[in-house]
Every structure is written in structure tokens, then in C-alpha cells.
Amino acid sequence: MRPLVYGLLLGLCWIMPDSLSAADVIPINQDESKVPPYTLPDPLVSLQGKVIDSAGAWQKIRRPELLELFRSHVYGRAPGLTERAPAQVIATDPQALGGRATRRRIRVPLTTNPQGLAAEVLLYLPNGAASPVPVFLGLNFDGNYTVTTDPGVPLTTRWVPNRPKLGVTNNMAQESARGSDADSWPIERILERGYGLATLYCGDVEPDHPQGWKQGIRAALAPQGTNQVFAADDWGAIGAWAWGLSRALDALEHQPGVDAQRVAVIGHSRLGKTALWAGAQDSRFALVISNESGEGGAALARRWFGETVWRINTSFPHWFCARFKDYNQNVNALPVDQHELIALSAPRPIYVASAQEDLWADPKGEFLSAKHAEPVYALFGKKGLGVSEQPLVDTPVGEAIGYHVRSGKHDLTRYDWEQYLNFADRQWKASQ
Ligand code: GTR
């Protein structure tokens, strides 16, 4: 078959693999008037048809059922909590960032072998805080050294994605990329607002490419190691990264100066999908933030707008469990949709953010997902968004469920952070 050239967002092109027939391709729609009707699964009706009408029934029946459905059909199943070698602070600077912060680098072994696979958590805490501070915890895309120009953060030695414009080639970190993602991590502002910031490189847990699992936790914990053949519901990369976030939280629970009861998990894009899945599974995360997580994250899968299940499984075959591919051609058969992922964080506060120009992530689908999670928050007496329609750009809304659509493109910006800091203040500082 002749390769078909397939038009993509931003004028990019994608060559269809030879194994795929034109009939398999689910086209991309970005025209609101073409979105067909769809019916979402009801978060308040169990598989047995039982109506969930109380917080107790949600916690006892429906929440475990939905977690299980997301595990078996979407993200896969992480192994239970395995034994691990203890985390260790490997460097501390009590006068980092011009004396404003204490910086710690914490080595978090992911297996029983203290010298084996480990993630490095970079932690900044504001100096002079009277009591332990709440902390934002998020995975980063390219290594801890890219989130700050702080020279005390070493280059990662792990596989990194190439960024030729930044001088990163051969999948090796380069000094030239130091601080390249600092605009997405306004550390000094976070500290000034009375919060700490903890981050780790997703590639420490699993490098982000289809074979990356062989260098990551999925192989390290697999009975057959790099020869493992995964079952339909074994974890994918997002599952592995989410597991890594929980391991980082384990370590934060033992860090002086950290209020581990108030750790917000945050992520952008693929790492926003990951933050949602981490927050859904691990209720120690007291607040959950999805920045433009799109398909497989906050956006409704059934809404035909922007990226599709078929498309994401084709571009990123390693992110989800194998069974998720069964829904490439029939998304309506999925036993869940993403509003139920949002609902799994209930009654904890959650924030969903979109960007106006980020049509690929389906801003409206992200809003609607938050909206359709509201009935679950209501079981706990919590008001969700507090609005019925998607708000205007740059107009944050929300009570227990925060939402904004920022003007501009796909990115994690200072504006986004200001809203998350305000939201966290409202949830936490008001109750102090
Ligand atoms: C895109 C992908 C999105 C989103 C994004 C990102 O290419 O289609 O689902 O995850 O990558 O993570 O930057």
C-alpha cells in the first residue's frame, strides 16, 4: 500500500505506516459544529446498575470499581508497593537561590537495590518559613537541570529526548539546555508565595519512547526483565510515571520542612495525564492539577475533537496499557470516560486548565470533563466549578474544581501557576 500523507495539526505531516489501511485512520476534527452527539457513562451508576447516592457508596463501591476499570482498560496496573531501598538526601544547600531557599537533592531508589534504578527528587523550600510548607510536586520532561539555572543541579546522566535547538543530541543532557524549561517552573515565585517545589525527571522512572521501558521501572520490576511480554492490562509509561510520583511523595513524607498532608501533584500535557492518574489512585495527594492534559487526560475521549484515542495510541504506543488500543476504532465502547478520572480525586480539590489555541487538547472537552465530575463532588457536599458554561478566556472559575482557559498556546506558563497558587491558597490557607 502506498503510504498516505495525513494532514496534522500545525501543518505537520505524518506518514501512515504501511501496516495501516486508510480505513483504520480516525480523522482529526477541530470544527465544533461537526462534533456528533455522544453518551457518557454515568459516574453515579455502578456496573451492576446500582445508583450511587452517598459519599459512602462512592468510596465503597464506585470508586474502587472505576479505578479497576481505568487500570484494566486505559492506564494498566502497577505492581503493588514493592520493597525499596531507603531514600537519601545526597546534597543540601541551605542558601540556594541567593539565600532564599533550601535546596535538597534526594535520591529515591525505585527497587530494593540502593545502587539500582532511582529517581532524583529536586526539592526547594522557602527559607524562614515558620512551619512546614505545602509543596507542589511535578514530573519534568527533560531532566531536573532544565527547570532551573541553579548551577547546583547537575545534568542528568539518563536518556533524554533530543532538542537540537538547545544543543541536545545523542540523547545526552547538555549544559546548553540548563534552565531551558525554567519559564514553566517559576520556582522563586512559588517560594515567595509560601510553597515548596519538588520535581523529578520522568525519564528517571521510564525514558519516554517506545523502548524506554527497558531502561525503566517496568523492566526493573518485571519477572522477565527486558524480555517481558506485557499483558493487556499491564502498566504503560503513564502508569509507571504516576507510580514514580507516589514514590516521590513517599520520600517527601520524610522531609523536614514539608507538610506532606498538603502536597499538590501537578503536570503539563502528557505529564498532566500522569498527574491526574497519580491523583486518582493515591489519595495522599491533597490537590491535583492538570495543565492542558488533553486526550487520555482531562479531555473527554468520546467527544470527537482534537486528538483521538486512535491517534494517541498510534503516536505514543507506550503510554497506555495494550488493551486501550482495543478502543482505537470504537471509543464509545470504553467502559469509562475521562470525567470519571477527574471524579476519582473527589472530594479533594482538583484544577483543570486549558489553553485557547490548544485545540489538539480540546479545551471544551477538558471543561466538560470537569463539569461532568461535579455530581461526584456533590455527594461530598462540594460545589465543583460553580458555572454551567465554559468561562471566557483568562477568567478562572471554580470551588472544589478549578478551571481556566488561558489565552495562547499549549504551554505551562506563569499565568497558569498564578491560578494554581491562588487555588491552593483558597483551599488551604483559608482553613488554617
Ligand atoms: C502531544 C500529544 C499530546 C500531549 C503532548 C505533550 O504530541 O499528542 O497528547 O501529551 O504531546 O505531552 O506535549
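Here goes a summary of the coordinates provided. What you see is a predicted model; the values in this text were computed from it and never measured.

## A closer look at the site of the ligand
Working step 1: Around the ligand, the neighbouring residues are Ser269, Arg270, Lys273, Glu307, Ile312, Phe316, Trp319, Trp360 and His410.
Working step 2: Ser269 places a polar side-chain atom, nitrogen or oxygen, 2.7 Å from an oxygen atom of the ligand.
Working step 3: One of the side-chain nitrogen or oxygen atoms of Trp360 is found 2.8 Å away from an oxygen atom of the ligand.
Working step 4: Coverage of the ligand by the protein chains reaches 79% of its 310 Å² of free accessible surface.
Working step 5: A class-by-class count of the residues in the shell around the ligand yields four nonpolar, two polar and three charged.

## Quick notes on unusual backbone geometry
Both trends apply: most residues other than glycine have a negative phi, and most peptide bonds are in trans.
Working step 1: For the bond running from Ala346 to Pro347, omega is 0 degrees, close enough to zero to count as cis.
Working step 2: Within the element layout of this structure, Pro347 appears in the loop between helix 9 (338–343) and strand 10 (350–355).
Working step 3: A positive phi angle, close to 50 degrees, is found at Leu97, a residue other than glycine.
Working step 4: Here Leu97 shows up in helix 2 (residues 96–99).
Working step 5: The phi angle at Asn170 is positive, at roughly 55 degrees, despite the residue not being glycine.
Working step 6: By the secondary structure assignment, Asn170 is in the loop between strand 6 (133–140) and helix 3 (187–192).

## Some points on the side chain of Arg63
Working step 1: Within the secondary structure layout, Arg63 lies in helix 1 (residues 55–75).
Working step 2: Here Arg63 is buried and forms no salt bridge, its nearest opposite-charge partner Asp282 lying at an N-O distance of 7.7 Å.
Working step 3: Of the polar contacts made by the side chain of Arg63, one reaches the backbone oxygen of Leu344; its length is 2.5 Å.
Working step 4: Look past the residues within four positions of Arg63 in its chain and what remains in contact with it is Trp58, Ala280, Gln281, Leu344 and Arg348.

## Examining the pairing of strand 4 (residues 101–109)
Working step 1: The buried fraction of strand 4 is high, at eight of nine residues.
Working step 2: Looking at chain direction, strand 3 (residues 88–95) and strand 4 are connected through five bridges and run antiparallel. Bridging across to strand 4, Ala91 finds its partner in Arg105.
Working step 3: As defined by bridge partners, strand 4 adjoins strand 5 (residues 118–126) across nine bridges and the pair is classed as antiparallel. Bridging from a neighbouring strand, Pro109 pairs with Ala118 of strand 5.

Procedures and definitions
- Residues numbered from 1 in each chain as written.
- Predicted model: local features only at pLDDT ≥ 70, side-chain atom pairs only at ≥ 80, totals over all residues.
- Heavy atoms only, no water.
- Near = heavy atom within 4 Å.
- Polar contact = N/O pair within 3.5 Å; in protein donor to acceptor, adjacent residues only side chain to side chain.
- Areas by Shrake-Rupley, 256 points an atom, 1.4 Å probe, with all protein chains shown as cover.
- Nonpolar A, V, L, I, M, F, W, Y, C, P; charged D, E, K, R; others polar.
- Helix = DSSP H or I, 4+ residues; strand = E, 2+ residues; numbered from the N terminus.
- Buried < 20%, exposed > 50% of the residue type's maximum accessible area, 1.4 Å probe, protein only.
- Lys, Arg positive; Asp, Glu negative; His and termini not counted.
- Salt bridge = Lys/Arg side-chain N within 4 Å of Asp/Glu carboxyl O.
- Contact = heavy atoms within 4.5 Å.
- Pairing = 2+ DSSP bridges.

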